[in-house]
Amino acid sequence: MANFYRDACPTIKNILLLDSEGKRVAVKYYSDDWPTNSAKLAFEKSVFTKTQKTNARTEAEIAMFESNIVVYKFIQDLHFFVTGGDDENELILSTVLQGFFDAVTLLLRNNVEKMEALENLDLILLCLDEIIDGGMILETDANIIAGKVATHSVDAGAPLSEQTITQALATAREHLTRSLLR
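Residues numbered from 1 in each chain as written. Predicted model: local features only at pLDDT ≥ 70, side-chain atom pairs only at ≥ 80, totals over all residues. Heavy atoms only, no water.

Chemist: So what's going on with the nonpolar core? Residues and values would help.
Modeler: The biggest cluster of nonpolar side chains holds 32 residues, and the ones touching the most others in it are Ile12, Ile15, Leu17, Phe80, Phe100 and Cys127. Elements that contribute at least two residues to this core include exactly strand S1 (14–19), strand S2 (24–29), strand S4 (68–75), strand S5 (78–85), helix H3 (90–107), helix H5 (121–131) and helix H6 (142–152). Among the elements that make up this core, the one with the highest residue count is H3 (8 residues). Setting aside chain neighbours within four positions, we find Cys127 in contact with Phe100, Ala103, Val104, Leu107, Ile145 and Val149. Residues Tyr29, Tyr72, Phe74 and Phe81 belong to the second largest nonpolar core, which totals 15 residues. (Core = buried A, V, L, I, M, F, W, Y, C linked by side-chain atoms within 4.5 Å. Buried < 20%, exposed > 50% of the residue type's maximum accessible area, 1.4 Å probe, protein only. Helix = DSSP H or I, 4+ residues; strand = E, 2+ residues; numbered from the N terminus. Contact = heavy atoms within 4.5 Å.)

See the structure below:
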């Protein structure tokens, strides 16, 4: 029965977030198509090289690469990629990419650049975990993804002035719940 769901559901092979030089910022592989780290790095370099001259800044672009469909989009100095098998639906891959892209934009407060991404790498990795689990798509709505990530990353010990609005609301909700339960 588990194989039926695996075969019937669209699957993602990897999600890549690379910088403007093709270096890793955050990557997650869900497929054994690239068994070694050197194979993964070679794939990332070749995908980056093939797509760097395109203008994927306003809308996502789609390319066939090594019998995979790669959907990608660039903003500032970050390059977002989602890879699926050659039999996957491009619209689904594009929806996953857009969900990831928009969630990262929300989490980084519209300051989507490499330094900000590296400073908030934990949020981006949590974002990947909320979108995909073992290659299966869990969520594509950026608001839901960012909300779940924000609640995971709330540091209750931080002063309210250092928390985001979402974190502050979650902290206030937690304090209210505690006071009502007493």
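Chemist: Pulling in residues and values, what's your account of the side chain of Glu116?
Modeler: Tracing the chain through its elements places Glu116 in helix H4 (residues 114–119). Buried charged residue Glu116 carries no salt bridge. Nearest counter-charge: Arg109, at 4.5 Å. Residue contacts for Glu116: discarding those within four places in its chain leaves Leu108 and Asn111. (Lys, Arg positive; Asp, Glu negative; His and termini not counted. Salt bridge = Lys/Arg side-chain N within 4 Å of Asp/Glu carboxyl O.)

Chemist: Describe the pairing of S2, naming the residues involved and giving the relevant values.
Modeler: Pairing between S1 and S2: 5 bridges, direction antiparallel. Residue pairing for S2: Leu18 is matched across the bridge by Arg24. Counting the residues between successive antiparallel strands, the hairpin from S1 to S2 contains 4 residues, one of them, Gly22, with a positive phi of roughly 85°. (Pairing = 2+ DSSP bridges.)

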